[in-house]
Structure formats: structure tokens, C-alpha cells
Amino acid sequence: MEKFVILADITCDLGKELRAEYDIEYINGHFTTPDGKEHESYLEWTDTTPSEFYKALRAKPNDYTTAPPNVNEWATVLEDYAKQGVGVLALTISSALSGTYAFLTKAVEEVKSKYPDAAIRTIDSRRFSSGHGLLCVYASLLRKEGKSLDETADWVENNLNRFHQAGWLDDLSFVAKKGRLTSAKAFFGTLMGLKPIGEFDKNGMTTVIGKAKGEKQAYPVLLEYIAATIENPEEQIIFVATADRYKQAEAYKKMLEDKFHPKAVYINYVYPSSGINVGPGLMAAYYMGKPISEDLAEERELVTRLLAKK
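Quick notes on the rules
Residues numbered from 1 in each chain as written. Predicted model: local features only at pLDDT ≥ 70, side-chain atom pairs only at ≥ 80, totals over all residues. Heavy atoms only, no water. Helix = DSSP H or I, 4+ residues; strand = E, 2+ residues; numbered from the N terminus. Expected span 1.5 Å × (residues − 1). Buried < 20%, exposed > 50% of the residue type's maximum accessible area, 1.4 Å probe, protein only. Arc of directions from axis to C-beta. Polar contact = N/O pair within 3.5 Å; in protein donor to acceptor, adjacent residues only side chain to side chain. Core = buried A, V, L, I, M, F, W, Y, C linked by side-chain atoms within 4.5 Å. Contact = heavy atoms within 4.5 Å. Phe/Tyr/Trp six-rings, centres within 6.5 Å; stacked < 30°, edge-to-face > 60°. Lys NZ or Arg CZ within 6 Å of the ring centre and 35° of its normal. Pairing = 2+ DSSP bridges. Axes fitted to C-alpha atoms, helices over the stretch in contact; angles between N-to-C directions. pLDDT = per-residue confidence, 0-100.

*Asks:* Looking at this model, I keep getting lost on helix 12 (residues 297-309). Mind explaining?
*Replies:* Helical geometry: 3.6 residues make up each α-helical turn, so side chains three or four residues apart lie on a common side. Over its 13 residues, helix 12 extends 19 Å from the first C-alpha to the last, a length consistent with the 18 Å expected when each residue adds 1.5 Å. Those residues of helix 12 not exposed but buried are E299, L302, V303, L306 and L307. When helix 12 is viewed along its axis, its buried side chains cluster within an angular range of 130° and face the same direction. Exposed side of helix 12, more than 90 degrees from the buried face: E298 and A308 are the residues found there.

*Asks:* Any chance you could explain the side chain of S41 here in plain terms?
*Replies:* The residue S41 is located in strand 4 (residues 38-41) in this model. On the basis of relative accessible area, S41 is assigned to the buried category, the value being 1%. Side chain to side chain, S41 and S273 meet in a polar contact 2.8 Å long.

*Asks:* For this particular structure, what's the right way to read the nonpolar core?
*Replies:* Generally speaking, a soluble globular protein has its nonpolar side chains buried in company with each other. In terms of nonpolar packing, the biggest core is built from 82 residues, with I226, F239, Y252, L256 and L282 touching the most fellow members. Excluding its chain neighbours within four sequence positions, the residues that come into contact with F239 are L14, L18, S130, G133, L134, V137, Y266, N268, A284, A285 and Y286. Within the second largest apolar cluster, 18 residues are counted, among which are L7, A75, L78 and A82.

*Asks:* Could you clarify how one ought to interpret unusual backbone geometry in this entry?
*Replies:* Working note: non-glycine residues mostly have negative phi, and peptide bonds are mostly trans. The phi angle at D23 is positive, at roughly 55°, despite the residue not being glycine. As for its placement among the helices and strands, D23 is situated in the loop between helix 1 (16-22) and strand 2 (25-27). Classification of D23 by relative accessible area gives partly exposed; the value is 46%.

*Asks:* What's the story with the packing of aromatic side chains in this structure? I'm lost.
*Replies:* Each aromatic ring pair is summarised here by two numbers: the centre-to-centre distance and the angle between the ring planes. Evaluation of the coordinates by the stated rule reveals 16 aromatic pairs. Seen from their ring centres, W45 and F53 are 5.8 Å apart, and the 50° between their planes marks the pair as tilted. For the pair formed by W45 and F53, the shared burial category is buried. Where F239 meets Y266, the ring centres are 5.9 Å apart and the plane angle is 75°; that geometry is what we call edge-to-face. Of this pair, F239 sits in strand 11 (residues 237-242) while Y266 is found in strand 12 (residues 264-269), placing the two residues 27 residues apart along the sequence. With respect to class, F239 is no different from Y266; both count as buried. Chaining the aromatic ring pairs together yields one cluster made of W45, F53, Y54, Y64, Y246, Y269 and Y271. Here the basic side chain of R143 rests over the ring of F4, its NZ or CZ set 5.8 Å away from the ring centre.

*Asks:* Please clarify how the pairing of strand 4 should be interpreted in this entry.
*Replies:* Regular strands place their side chains on alternate faces of the sheet. For strand 3 (residues 29-32) and strand 4, the ladder comprises 4 bridges, and the chain directions are antiparallel. Its bridge partner being in strand 4, F31 is matched across the sheet by H39.

*Asks:* What should I look at first to understand the pairing of strand 10 (residues 206-212) in this one?
*Replies:* Counted residue by residue, strand 10 has 6 buried out of 7 residues, so it is predominantly covered. Of the strand pairs in this sheet, strand 9 (residues 195-200) and strand 10 are connected by 6 bridges, and their pairing is antiparallel. Each residue of the ladder has a partner; that of P196, found in strand 10, is K211. Counting the residues that bridge the hairpin from strand 9 to strand 10 gives 5 residues, and of these G204 lies at a positive phi of roughly 90°.

*Asks:* Is there a simple way to explain the sheet that holds strand 12 in this structure?
*Replies:* The 6 strands lie next to each other as 10-9-8-13-11-12, forming an open sheet whose pairing is mixed. Looking at which strands have only one partner, the edges of the open sheet turn out to be strand 10 and strand 12. Adjacent strand axes in the sheet meet at a mean angle of 20° when their direction is disregarded. Of the pairings in the sheet, the one linking strand 11 to strand 13 (residues 282-288) comprises 4 bridges and is antiparallel in character.

*Asks:* Would you mind going over the confidence of the model for the protein chain with me for this structure?
*Replies:* Detailed reading of the predicted coordinates is not advisable wherever pLDDT falls low. Looking at the protein chain as a whole, the pLDDT averages 92, with 93% of positions reaching at least 70. Segment residues 184-189 is flagged for pLDDT under 50; beyond a separation of four residues in sequence, or across chains, it makes 10 contacts in the model.

*Asks:* Would you mind showing me how to read the sheet that holds strand 2 here?
*Replies:* Spatial strand order, 2-1-6-7: 4 strands in an open sheet with parallel pairing. Each having just a single partner strand, strand 2 and strand 7 (120-124) make up the two edges of the open sheet. The average undirected angle you get between the axes of adjacent strands in this sheet is 25°. In this structure, strand 6 (residues 87-92) lies alongside strand 7, joined through 5 bridges in parallel fashion. When the bridges of strand 7 are listed, L91 appears paired with I123. The sheet strands contacting helix 3 (residues 71-84) are strand 1 (4-9), strand 2, strand 6 and strand 7, and the helix crosses strand 1 at an angle near 170°.

Structure below.
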């Protein structure tokens, strides 16, 4: 079997247990706190808890910044694998949201100039957070089946548009300010009493496709939306991402298990590198299903119908 590693950037939001279970590596990022200090970003809660982090973020949302791994950091990691003769499948957050993929491709050029035979495939995930992480998990499953580096990379590239987001963001101001929300002017800020339902567009940006009247309406609409868009649910691995919405994520996880009986449903924290840009209000499921329509017209129409029924 061909040996290769799956290397994600920090925004994959795969915690220690998931990384161990699926044998996925990641490269650190960076963030700056309101006191001006720069920190390396890790996928674990060491110096703080999720609640403490998001409480501080709410208080000074504009004073936190993030930075991806730079070209040299990528090159150092990739060169180490090249020296060992180990292939790499490297996946990053969507290039529409970050310069991470551009840094990665530049690093690959540098490493290839020294090690021309290095087996490296790069993928712009067109996703972020748990959407990015779930792609890595599916790549891991293909590797476990014995697929080669190229076979795995080709499958991921051909199926990017089948990875969905179905959930809500309580406060859209974070994603709007960071350029991660389409139609920002129409949906900016916190919508009192409403749950803006978001889906990925083709570039991995969040697009609001409907607004539910609170959790009571949102949950059944989301479940029916997933039912209409998921494929082979009993074979699926589903992530439920939570940015300080753990109670809601637990409830959602139970609903997903009861309705779809998938292989596994994992609750996945949104760690600082993603959380600073997403904010404290994300609670969403990530799963594989039907291809997402070009302009999300089909998805909008579906949610509109479901909201009218509930």
C-alpha cells in the first residue's frame, strides 16, 4: 500500500481524538489576542475553555486576528516528508476565504525544486471548519481502503461540491466582517429571535438560504433539509460543529442519530483559528449528499418550502 499522510491546515477543526482515529496531521496557525500577543493556534483547549474563549471574543470581537501558516512553515513540514519519501495530501481552507492555499502552493514549488520526485497533492477544500475536516476524514477512509495518493486526491476534488452545511449562525456579524458571508448587507448582524440557516456556496462561503423563527422551527426544517439532500445516510459520518452552542449541538446530534442512523455523529468544537472568524453562534451539521446547485437556487427553494410548512 502506498504510504502518504493527510495534512490539513489549522482550520480543519479536528480535535485530538478524531485526528488519532483517522490518522490525520495538521499544521499550526497563528492568532493575536486583544493584548497584542501572538499565539500559535492548536487544535486543543490548553490555556482556556471554549466558554471562556468565546466570552472573551464576544467582548472584543474586533481585537482578535488570525494568520495562516506561512510559506516557510508549510515548506518545512513538506520537506521533512519529502526527505522520508512519504507522500502528502495537503488540504486547506477555501481560497475564497484565506490565503492559506496560495502559501501552500508556493511552498510546494520550493520543496519540489529540491526534491523533484516528492509526491505531493494539494487541494483547495472550498470549505472551512468542520466541512474542511470532514473532507479529510473521507480522504482517510479512502486511504484505509487502499486507494493511492492520486486516487484519493482525485476523489476529493471530484466530490467537493457534495459536502453540505446545515445549521445556523446566531450572529452573522463575525462572518460578514471577515468576508465569509455572501449577501452581507442583507443579513448583517444579529437577527433577534431568528435562526439564519446557512449552506455552503461553490466557494465555501456561507450563504443564508432561509431564516427560521427560533430553535423550535429551525430543528425540524434542518432535519427535513438534510433528508432531502443527503445520500445513503446510514453510511455517513456527520459532524456537528459548535461555537459555544454545545447544548444545542447535543440535541441536534441526538436528532440526527434518531432520524438517519448514520455510522457516526461527532460533536466538533470550533477552535480559535476558525472561531475568531465564525464567531460564537455557529451550530451546524456537515455531511455528504447531492451536489449543491450552482447558485443555491434549489437549496433556497427547498428551505422556503420547508419553512412555510413548519
